[in-house]
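Letter by letter, the chains look like this.
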Amino acid sequence: MNGKRSWRARGTLLVTALALASVTVGCQDTGGGAGVNPKPGGTATSSKAPGRGGGTESAKPAPSASKKPTKKPSKKPTKPGKDTSAGALTCDGLRSAQLQTSTFRFPDAPEGTVAFTDGRWEGDGVVIELQPQCGIGDMTGDPAQDAVAAVKVTTGGTGKFYGLVTWRNDAGTPVPVAAASLGDRTPVESIVVSSPAPRRATVVYLTRGDSDPAAVVTIRRTAVYRVTEPAMTELGHTDAPYTP
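These numbers were taken from a predicted model, which means no experiment stands behind them.

> Would you mind showing me how to read the state of the cysteines here?
Each disulfide consists of a covalent bond between the sulfur atoms of two cysteine residues. All told, the structure shown has one disulfide when counted by the stated rule. For Cys91, the disulfide goes to Cys134, at an S-S distance of 2.1 Å. Between Cys91 and Cys134, the S-S dihedral sits near -85°, and the bridge is therefore left-handed. You can see Cys91 sitting in the loop between strand S2 (43-46) and strand S3 (98-100) and its partner Cys134 sitting in strand S6 (residues 126-137), a full 43 residues away along the chain. Since its relative accessible area comes to 31%, Cys91 is described here as partly exposed.

> Can you walk me through the nonpolar core in this structure?
When a protein is soluble and globular, its nonpolar side chains tend to lie buried together. By size, the foremost hydrophobic cluster in this structure holds 21 residues, and its most contacted members are Leu94, Leu99, Phe106, Phe116, Ile128, Val151 and Trp167. Mapped onto this core, the elements with two or more residues apiece are S6, strand S7 (146-154) and strand S8 (160-170). Aside from chain neighbours lying at most four places away, what touches Leu94 is Phe116, Leu130, Cys134, Ala147, Ala149, Trp167 and Pro174. Within the second largest apolar cluster, 19 residues are counted, among which are Met139, Ala180, Ala223 and Val227.

> How should I be thinking about the pattern of salt bridges in this particular structure?
Oppositely charged side chains may form a pair once their charged atoms are brought near each other. Applying the stated criterion to the full structure yields eight salt bridges. Salt-bridge contacts for Glu129 lead to Lys152; the nearest nitrogen and oxygen are separated by 3.8 Å. Linking Glu129 in strand S6 with Lys152 in strand S7, this pair joins segments that are 23 residues apart in sequence. By relative accessible area, Glu129 is classed as partly exposed at 24%. Residue Arg199 pairs with Asp138 through a salt bridge whose shortest N-O separation is 4.0 Å. In this pair, Arg199 sits in the loop between strand S10 (188-194) and strand S11 (200-207) while Asp138 sits in the loop between S6 and S7, placing the two residues 61 residues apart along the sequence.

> Got a minute to help me understand the environment of Pro230 in this structure?
Note that Pro230 resides in the loop between strand S12 (219-228) and strand S13 (231-241). Separated by 65 residues in the primary sequence, Pro230 and Val165 place their C-alpha atoms 9.9 Å from one another. Other than its neighbours up to four places away in sequence, Pro230 contacts Phe104, Val177, Ala178 and Ala179.

> Explanation requested: the pairing of strand S5 (residues 120-123) in the structure shown.
Two faces, one strand: in a regular strand the side chains alternate between the faces of the sheet. Taking every second residue as pointing to the same face, the buried face of S5 carries Trp121 and Gly123, while none of Arg120 and Glu122 on the other face is buried. Where S5 lies against S6, four bridges are found, and the strand directions are antiparallel. Within S6, the position partnered with Trp121 by the bridge is Ile128. Between the antiparallel neighbours S5 and S6 lie two residues, among them Asp124 with a positive phi of about 55°.

> Would you mind going over the environment of Pro198 with me for this structure?
Within the fold, Pro198 resides in the loop between S10 and S11. Sequence spacing of Pro198 and Met139 is 59 residues, and the spatial spacing of their C-alpha atoms is 8.7 Å.

> Would you mind going over unusual backbone geometry with me for this structure?
With glycine set apart, most residues show a phi of negative sign, and most peptide bonds adopt trans. The peptide bond linking Glu229 to Pro230 adopts the cis configuration, its omega dihedral lying at 10°. Its identity is not glycine, yet Ala171 carries a phi of approximately 55°, on the positive side. Tracing the backbone shows Ala171 in the loop between S8 and strand S9 (173-184). Residue classification places Ala171 among the exposed positions, given a relative accessible area of 78%. Although it is not a glycine, Arg185 sits at a positive phi angle of roughly 55°. For Arg185, the location among the structural elements is in the loop between S9 and S10. By relative accessible area, Arg185 is classed as partly exposed at 27%.

The rules behind the values
- Residues numbered from 1 in each chain as written.
- Predicted model: local features only at pLDDT ≥ 70, side-chain atom pairs only at ≥ 80, totals over all residues.
- Heavy atoms only, no water.
- Disulfide = S-S within 2.5 Å.
- Helix = DSSP H or I, 4+ residues; strand = E, 2+ residues; numbered from the N terminus.
- Buried < 20%, exposed > 50% of the residue type's maximum accessible area, 1.4 Å probe, protein only.
- Core = buried A, V, L, I, M, F, W, Y, C linked by side-chain atoms within 4.5 Å.
- Contact = heavy atoms within 4.5 Å.
- Salt bridge = Lys/Arg side-chain N within 4 Å of Asp/Glu carboxyl O.
- Pairing = 2+ DSSP bridges.

So, to be careful, I would describe these as geometric facts and stop short of saying anything about function.
What follows is the structure, encoded as structure tokens:
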């Protein structure tokens with residue numbers, strides 16, 4: 001009897017000890033384990049939601065200073081020089097030019113203002129015609145190109161008086177500023193203006209000697225002129241015999 005009781009008592013103590021051990025282990029697994037959920041297979045994982053990059057919060061790189069594009073200094077537009085070609089005179093443009101104004105008088109023309117219409121003016125029995133001989137170049141000393149042309153004045157009689165006119169380029173408008181008379185029945189053959197220097201007009205025209213009749217021409221004269229407003233002054237000439 002005593003042996004059986006002793007055995008039972010030992011069994012009871014063993015069962016009690018095992019139960020206590022189980023309780024202790026359970027407390028160790030769950031104590032402080034808020035948010036720890038065991039997975040099947042005896043492993044436990046954190047219940048916190050994984051952050052970006054595999055559950056660890058990655059440090060954001062400091063923003064690099066943005067490089068502002070370097071502005072190149074803008075070049076100021078260069079001021080253009082005086083444009084003398086846009087308003088350049090042409091020989092054809094003289095066909096509607098003024099010939100005589102209130103401040104400029106053309107030799108052999110009647111008094112009053114005279115302006116060409118298609119290269120011609122007529123009044124008081126006088127006809128004035130622009131001749132085809134013409135030269136373009138600087139005659140007045142400014143940057144613009146001037147014009148020199150021949151003009152014929154026909155009166156009521158037999159006289160046909162030729163002359164030279166220089167038109168200054170006034171912003172593209174021909175303004176008569178100087179003239180020279182070549183005499184009666186002295187047709188012009190050519191006009192060449194040398195520019196920018198020495199600002200001369202070389203004129204070839206037909207004339208005669210002092211003892212020759214007025215109805216004939218016997219000399220081809222090459223004369224050089226410069227402008228001395230209001231005149232075109234002859235600087236010199238050379239003569240060669242001319243036979244019609």
